[in-house]
Amino acid sequence: MLRAVASLVLTLCFSLSNAQTPPPVIGKAYVVADVSSGQILASERPDERFEPASLTKIMTAYVVFQALRDKKLTLDRVVPVSEKAWRAGGSRMFIDPKNPVTVDQLIRGMIVQSGNDACIALAEAIGGTEDVFAQMMNREAQRLGMKNTNFVNSNGLPDPQHYSSARDMYLIASALIRDFPAEYATYYSMKEYRFNNITQMNRNRLLWLDPTVDGMKTGFTEAAGYCLVASSKRGPRRLLSVLLGSTSEATRAQESQKLLNWGFQFFDAVKLYDKGQAVKAIEVWKGTAAEVKAGFTGDMYITVPKGQAEKVKADLLAQQPLVAPVSQGQKIGVMRVTLEGKAIGEYPVVALESVGVAGIFGRAWDTLRLWIK
């Protein structure tokens, strides 16, 4: 069970209900969120399923970066080009079975040129077949909590069973930025890429229009409309916008810029706790120590509407009884943040140190204490 062991009144606080109304947006669905706090600032039809088109390639890139991290691929590895990859329809980087191509070149072709052929070649290099790779994509989607997503291919070509939502696209985009920051910085801000003597421009117009935008991905099919996931970093803050089903290339850029500007203009991200900062000492039973320090695995932020700070209440609810052994990094409670009784969010609190099991007499004494309690 959870028990409230601390109640902290914070001077930095806000009311989402009184926040500035988001601007009207031309599109079928959208989400704008603060990556640092994980809070969605505004949304429309965030959980409705739509065709994601080439936004699919964000998940493809995520699985590819995992394979590189796990040493299953290397950037300089030469990948064979199958006939299926060579014959891929839609946008292409124009790989050829007769010419060698490396993983690094395929990643650039996938992200900058939105090459469907590059996606298939990478999928086959990792999964053996594109179908197996799609299963890997779906496993990651489930792990990340993408509840309205199913992938059947690596590139987003239309299929009735291939769908996602604006919220789910935010989840995978923010996960890629969080888990693979170096790869994100390397590839997603590229404005053009030349391969096979063909130079293609990145279709994300915001890379030219807004110097604070450093990625992410465009998508288009007739059914999906014009889609864009865009990320902007201004100072320490990073916002992500997801726009599905807009009406043109220019409109999706304009509407995404509108959402990002609105988020930066009317909200601030406020750090409540530092990574590793002890928030509270929580009682431990049957352990070598009587208590354990609790805190967060990363810096903890909340997002605050500007000019509307009143009171935010943060309650640390700890797992009780907490019985040893306790491992460092083990979840031992949640920090519940509310405003005027309305939940803003719940954030996992972990043990900042390990606590071993006490000796036989210590365990027996605590067993008796628990029984009496």
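The structure reproduced in this document is the subject of the present report. (Residues numbered from 1 in each chain as written. Predicted model: local features only at pLDDT ≥ 70, side-chain atom pairs only at ≥ 80, totals over all residues. Heavy atoms only, no water.)

**Here we look at a nonpolar patch on the surface**
Inference 1: Taken together, the side chains of Met201, Trp208 and Leu209 define a hydrophobic patch exposed on the protein surface, amounting to about 330 Å² of accessible area.
Inference 2: Examined against the element boundaries, tryptophan 208 turns out to sit in helix α8 (residues 206-209).
Inference 3: For tryptophan 208, a relative accessible area of 41% corresponds to the partly exposed category. (Patch = residues over 30% accessible without salt bridge, like charges linked within 9 Å, V, L, I, M, F, W, Y side chains within 5 Å. Areas by Shrake-Rupley, 256 points an atom, 1.4 Å probe, with all protein chains shown as cover. Salt bridge = Lys/Arg side-chain N within 4 Å of Asp/Glu carboxyl O. Helix = DSSP H or I, 4+ residues; strand = E, 2+ residues; numbered from the N terminus. Buried < 20%, exposed > 50% of the residue type's maximum accessible area, 1.4 Å probe, protein only.)

**A word on the sheet that holds strand β3 (residues 39-44)**
Inference 1: The strand order β3-β2-β8-β7-β6 describes an open sheet built from five strands, whose pairing is antiparallel. The strands lining the two open edges of the sheet, one partner per strand, are β3 and β6 (213-221). Going from strand to strand, the sheet's axes swing by 10° on average, the running direction of each strand aside.
Inference 2: Across eight bridges, strand β7 (residues 225-234) lies against strand β8 (residues 237-246) in antiparallel orientation. Paired with valine 229 across the two strands is valine 242, which belongs to β8. (Pairing = 2+ DSSP bridges. Axes fitted to C-alpha atoms, helices over the stretch in contact; angles between N-to-C directions.)

**Comments concerning the packing of aromatic side chains**
Inference 1: Taken as a whole, this structure holds seven aromatic pairs when the rule is applied.
Inference 2: Summarising the aromatic geometry, the rings of tyrosine 184 and tyrosine 188 are spaced 5.3 Å apart at their centres and angled 20° between planes, so their arrangement reads as stacked. As far as burial versus exposure is concerned, tyrosine 184 and tyrosine 188 are alike and both buried.
Inference 3: Judged by centre distance (5.2 Å) and plane angle (70°), the ring pair of tryptophan 262 and phenylalanine 267 falls under edge-to-face.
Inference 4: By relative accessible area, tryptophan 262 is classed as buried at 5%.
Inference 5: For phenylalanine 267, a relative accessible area of 1% puts it in the buried group. (Phe/Tyr/Trp six-rings, centres within 6.5 Å; stacked < 30°, edge-to-face > 60°.)

**Quick notes on unusual backbone geometry**
Inference 1: Here the bond from glutamine 320 into proline 321 is cis, since omega is 0°, no more than 30 degrees from zero.
Inference 2: Tracing the chain through its elements places proline 321 in the loop between β13 (312-319) and β14 (331-339).
Inference 3: The omega torsion across alanine 324 and proline 325 is 5°, close enough to zero to call that bond cis.
Inference 4: Topologically, proline 325 is positioned in the loop between β13 and β14.
Inference 5: Phi angles above zero are rare outside glycine, and lysine 71 is one such case at about 65°.
Inference 6: Tracing the sequence through the fold places lysine 71 in the loop between α1 (56-69) and α2 (83-86).
Inference 7: Residue lysine 71 is classed as exposed on the basis of its relative accessible area of 72%.
Inference 8: Positive phi, normally seen in glycine, also occurs at phenylalanine 94, with a value near 70°.
Inference 9: By the element assignment, phenylalanine 94 lies in the loop between α2 and α3 (103-111).

**Looking at the nonpolar core**
Inference 1: Of all hydrophobic cores here, the largest spans 65 residues; its most connected members are Met59, Phe65 and Met216.
Inference 2: The dominant element in this core, judged by the number of residues it contributes, is α1, at nine residues. (Core = buried A, V, L, I, M, F, W, Y, C linked by side-chain atoms within 4.5 Å.)

**Some thoughts on helix α6 (residues 166-179)**
Inference 1: Compared with an ideal rise of 1.5 Å per residue, which puts 14 residues at 20 Å, α6 spans 20 Å between its outermost C-alpha atoms and is within 8% of the ideal.
Inference 2: Extensive coverage of α6 is indicated by the burial of 10 of its 14 residues.
Inference 3: Inspection of α6 places Ala166, Asp168, Met169, Tyr170, Ile172, Ala173, Ser174, Ala175, Leu176 and Ile177 among the buried residues, and these make up the whole buried set.
Inference 4: For α6, the elements touching its buried residues are β2 (29-34), α1, α7 (181-187), β6, β7 and β8. (Expected span 1.5 Å × (residues − 1). Contact = heavy atoms within 4.5 Å.)

Shape descriptors only; they carry no functional weight alone.
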